[in-house]
Amino acid sequence: MTAAKIYAVVNQKGGVGKTTLAVNLAAGLTRRGAAVLLDADPQGSAAQWARGAQTLPMQVIGAAHDVEQALRRLKTSHDYIVVDCPPSVEASEHLDALLSAAHVAVIPVLPSPADLWSSVRMAELIRRVRAGNGRLKARMLLNQIEPRNAMARSMRQALAELDIPALAHGVRRRAVYRSAALEGVSVYQLGQRGAAAVQEIEAIIEEVIHL
């Protein structure tokens, strides 16, 4: 088995749906190979999700304090590693190490001015890390989009001016993502209830898997 492809789900700003995206990306990647989710956020949200009433299709490993060791241990036994990254203000050393090992950084942002300003800082962080990890690909992902929200369209235009392009596909605001978290599952396990959300996650995976 070749070394795993590492996807870092990262943002310096909280409340952007980072853990929700990481859990469902990892669940979708299990359809394509051996995938694991590393919870590197000290808040442990992904690990808490995995302790829900049901079972996720992939293993979730808490690695807030030893993520580099966990990556070394897992990268030869898995095809895909998804990392729910820590916020840099709490663990900048760990975050830099994660991004230095990653192949792809997926940066969820909400359609809001505050998230646009945060995106500028994320672009600066990615530029710094790329100095030592030239293979790192980074993409913004618009999250919790409302169908007729003009702000989402404006965000795409604004993000286009940064060094980090936005993915063509985003994630709509859907109650089913919250339901999945409460039930301890991914949207893939919710049958027809989760069908539209699964289509979104699959479209995102098809974009990032070929980067």
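Just so it is clear, the model here is predicted, and its values are computed rather than measured. (Residues numbered from 1 in each chain as written. Predicted model: local features only at pLDDT ≥ 70, side-chain atom pairs only at ≥ 80, totals over all residues. Heavy atoms only, no water.)

J.: Account for the pattern of salt bridges, naming residues and giving values.
T.: According to the stated counting rule, one finds 9 salt bridges in the structure shown. Here Lys18 and Asp84 are joined by a salt bridge, their closest N and O atoms 2.7 Å apart. Of the two residues, Lys18 sits in helix α1 (residues 18-29) while Asp84 sits in strand β4 (residues 80-84), which places them 66 residues apart along the sequence. What makes Lys18 buried here is its relative accessible area of 9%. In this structure, Arg32 engages Glu202 in a salt bridge whose closest nitrogen and oxygen atoms are separated by 2.7 Å. (Salt bridge = Lys/Arg side-chain N within 4 Å of Asp/Glu carboxyl O. Helix = DSSP H or I, 4+ residues; strand = E, 2+ residues; numbered from the N terminus. Buried < 20%, exposed > 50% of the residue type's maximum accessible area, 1.4 Å probe, protein only.)

J.: Residues and numbers for the side chain of Lys5, please.
T.: Residue position: Lys5 is located in strand β1 (residues 5-9). Among buried Asp, Glu, Lys and Arg side chains, Lys5 stands out as unpaired, with Glu206 the closest opposite charge at 11 Å. Here Ile209 takes part through its backbone oxygen, which lies 3.1 Å from a polar atom of the side chain of Lys5. In terms of polar contacts, Lys5 uses its side chain to reach the backbone carbonyl oxygen of Leu211, at 2.8 Å. Every residue in contact with Lys5, bar those within four places of it in the chain, is listed here: Asp79, Tyr80, Ile81, His103, Val104, Val208, Ile209, His210 and Leu211. (Lys, Arg positive; Asp, Glu negative; His and termini not counted. Polar contact = N/O pair within 3.5 Å; in protein donor to acceptor, adjacent residues only side chain to side chain. Contact = heavy atoms within 4.5 Å.)

J.: Before we move on, could you go through the sheet that holds strand β6 (residues 137-142) and cite the residues and values that matter?
T.: The parallel open sheet is built from 6 strands, whose spatial order is β3-β2-β4-β1-β5-β6. Every other strand in the sheet has two partners, leaving β3 (59-62) and β6 as the edge strands with one partner each. Recorded for the sheet is a direction-independent mean angle of 20° between the axes of neighbouring strands. In the sheet, strand β5 (residues 104-109) pairs with β6 via 6 bridges, with the strands oriented parallel. Bridge pairing in β6 links Pro108 to Leu141. The strands touched by α1 are β1, β2 (35-39), β4, β5 and β6; relative to β4, the strand with the most contacts, the crossing angle is about 170°. Contacting β1, β2, β3 and β4, helix α3 (residues 67-74) crosses the sheet at an angle of about 170° to β2. (Pairing = 2+ DSSP bridges. Axes fitted to C-alpha atoms, helices over the stretch in contact; angles between N-to-C directions.)

J.: Account for the packing of aromatic side chains, with residues named and values stated.
T.: This model, assessed by the stated rule, comprises 1 aromatic pair. Between Tyr7 and Tyr80, the aromatic rings sit 6.4 Å apart at their centres with planes inclined by 40°, giving tilted as the arrangement. Of this pair, Tyr7 sits in strand β1 while Tyr80 sits in strand β4, placing them 73 residues apart in sequence. Of the two residues examined, Tyr7 and Tyr80, each falls in the buried class. (Phe/Tyr/Trp six-rings, centres within 6.5 Å; stacked < 30°, edge-to-face > 60°.)

J.: Residues and numbers for the environment of Ile201, please.
T.: Residue placement: Ile201 occurs in helix α8 (residues 195-208). If we ignore the near neighbours within four places in the chain, the residues touching Ile201 are Leu21, Asn24, Leu25, Tyr177, Val187 and Tyr188.

J.: Explain unusual backbone geometry to me, and be specific about the residues and the numbers.
T.: Phi is positive for Gln144, which is not a glycine, with a value near 55°. Position of Gln144 relative to the elements: it lies in the loop between β6 and α6 (150-159). Residue Gln144 is classed as partly exposed on the basis of its relative accessible area of 25%.

J.: Which residues make up the packing of α1 against α8, and what values go with them?
T.: Axis separation between α1 and α8 bottoms out at 10 Å; the angle between their running directions is 75°. Considering their axes alone, α1 and α8 lie roughly perpendicular with respect to each other. Residue-level contacts link Leu21, Asn24, Leu25, Gly28 and Leu29 of α1 to Ile201, Glu202, Ile204 and Ile205 of α8. Looking at the contact of α1 with α8 residue by residue, the class counts come to 6 nonpolar, 2 polar and 1 charged. (Parallel < 35°, antiparallel > 145°, perpendicular 65-115°, else oblique. Nonpolar A, V, L, I, M, F, W, Y, C, P; charged D, E, K, R; others polar.)

J.: Just give me the short version of the environment of Ala8, but keep the residues and values in it.
T.: Along the chain, the position of Ala8 falls in strand β1. Take Ala8: its relative accessible area is 1%, and that puts it in the buried class. Separated by 98 residues in the primary sequence, Ala8 and Val106 place their C-alpha atoms 6.1 Å from one another. When near neighbours in sequence (up to four residues on either side) are disregarded, Ala8 contacts Val83, Cys85, Leu99, Ala102, Val104, Ala105 and Val106.

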